[in-house]
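Residue-level structural notes
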Amino acid sequence: MAGIRRIVQAACIAALFQVWGCMAAPQGVQSSNVPDDTAIEAFTGDVALAFPGEDKDAVPVSDRILDGFQAGPTRLALADGDVIYWGFKFQEANLQSVAIYDAKGHPRLLAAVDNIVRVVGGSAPLGTMEQYQHALKDSGVTPAVSVFVREPGDLVTYLPYLKRWLQADLLGFNVHCDKPGMADACKLANQIAVPIQAYALMPKSGAPHMLQVPKTAAASVPLGSFVQ
């Protein structure tokens, strides 16, 4: 499974480079931006879930997470040694994945992110919650985030990083809040609460255990650090 996935991922990335008219980066650079699929599969075990906004049938959590790294894989190393990986599914950019690793190189939090409606990307950045709600209604989709941890305490530790990533995602990454028209958009991104469901993975039982999402603020990582 892991070998086949690597072949598919390489083909997807190569196709993207061909479309963009760019030369592919060296293999070592590509692999450093993609979390280890073997570690992800070990983290999730055989747990399956029906993801909101996607197919109604349950799918292996590892498949959904790894599918979200088929294209645009990116990593951000934080000052404390933790690393945030993210990407999206080839030809389905509305399906994204996030993996947060600790300083020892172990996955601690995984997230499947669906249907984010961005506040930047139209003719002008959105600056009010009313504008965002209107855009959300027009999109016809429902944003949703499914978060997975092995240890419930990791949700408190790593969720702030995920929330900061979500704010950068809402802003389309490569954020410069000092640019004209961006100040209000950045404030708006800080106010938007994307629905999150959290689960503790219990690989031996085959079913995840739902957790209460803690009321924690986003981490203070500079938004400009999230470069796509």
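Residues numbered from 1 in each chain as written. Predicted model: local features only at pLDDT ≥ 70, side-chain atom pairs only at ≥ 80, totals over all residues. Heavy atoms only, no water.

1. Looking at the state of the cysteines
Applying the stated criterion to the full structure yields one disulfide. What pairs with C177 in a disulfide is C186, and their sulfur atoms sit 2.0 Å apart. Disulfide C177-C186: torsion about the S-S bond near -95°, hence left-handed. The exposure class of C186 is buried, given its relative accessible area of 5%. (Disulfide = S-S within 2.5 Å. Buried < 20%, exposed > 50% of the residue type's maximum accessible area, 1.4 Å probe, protein only.)

2. Comments concerning the pairing of strand β6 (residues 107-114)
Judged by how many residues are buried, β6 sits mostly within the fold: seven of eight residues are covered. Note that strand β5 (residues 92-101) and β6 share seven bridges and pair antiparallel. Following the sheet pairing, S97 is matched in β6 by A112. Hairpin remark: β5 followed by β6, antiparallel, with five residues in the connecting loop; positive phi at G105, about 85°. One ladder, built from five bridges, connects β6 with strand β7 (residues 144-149); its direction is antiparallel. Looking at β7, one finds that V113 is bridged to V145. (Helix = DSSP H or I, 4+ residues; strand = E, 2+ residues; numbered from the N terminus. Pairing = 2+ DSSP bridges.)

3. Some remarks on helix α6 (residues 152-170)
Every α-helix carries 3.6 residues per turn, so stepping three or four residues along brings you back to the same face. In this model, α6 (19 residues) spans 26 Å end to end at C-alpha, consistent with the 27 Å of a helix rising 1.5 Å per residue. The largest bend in α6 amounts to roughly 45° and is located at Y158, with the proline P160 lying one to four residues further along. Most of α6 is tucked away: 14 of the 19 residues are buried. Phi for G172, located one or two positions after α6, is positive at around 80°. (Expected span 1.5 Å × (residues − 1). Bend = angle between axes of the 7 residues up to and from the residue.)

4. Remarks on the pattern of salt bridges
Applying the stated rule across the entire model yields five salt bridges. As a salt-bridge pair, R64 and D114 come within 2.8 Å of each other at their nearest N and O atoms. Of this pair, R64 sits in helix α4 (residues 61-67) while D114 is found in strand β6, placing the two residues 50 residues apart along the sequence. An identical accessibility class is assigned to R64 and D114; each is buried. The residue R108 makes a salt bridge to D102 at a minimum N-O spacing of 2.9 Å. One salt-bridge network, held together by shared partners, links D102, R108 and D154. (Salt bridge = Lys/Arg side-chain N within 4 Å of Asp/Glu carboxyl O.)

5. Observations regarding unusual backbone geometry
Phi is positive for Q91, which is not a glycine, with a value near 65°. Relative to the assigned elements, Q91 resides in the loop between β4 (83-89) and β5. Not every positive phi belongs to a glycine, and F173 is a case in point at roughly 60°. The topology assignment puts F173 in the loop between α6 and α7 (182-191). A relative accessible area of 4% places F173 in the buried class.

6. Observations regarding the sheet that holds β7
A sheet is described by the order of its strands in space; here seven strands give the open sequence β3-β4-β5-β6-β7-β8-β9, paired in mixed fashion. Of all the strands in the sheet, the pair left with one neighbour each is β3 (71-77) and β9 (209-211). Within the sheet, the average angular offset between the axes of one strand and its neighbour, ignoring direction, is 20°. Each of β5, β6 and β7 is contacted by helix α3 (residues 37-44), which is oriented at about 90° to β6, the strand it contacts most. (Axes fitted to C-alpha atoms, helices over the stretch in contact; angles between N-to-C directions. Contact = heavy atoms within 4.5 Å.)

7. A closer look at the packing of aromatic side chains
Given two aromatic rings, one states the distance between the centres and the angle between the planes to describe the pair. Inspection of the entire model under this criterion finds seven aromatic pairs. Aromatic side chains F51 and F148 sit 6.0 Å apart centroid to centroid with 75° between the ring planes, which places their arrangement in the edge-to-face category. On the criterion of sequence distance, the pair formed by F51 in the loop between β1 (48-49) and β2 (59-60) and F148 in strand β7 is long-range, its members being 97 residues apart. Across the pair, exposure class does not vary: F51 and F148 are buried alike. Taken together, W86, W165, F173 and F226 form an aromatic cluster joined through their ring pairs. (Phe/Tyr/Trp six-rings, centres within 6.5 Å; stacked < 30°, edge-to-face > 60°.)

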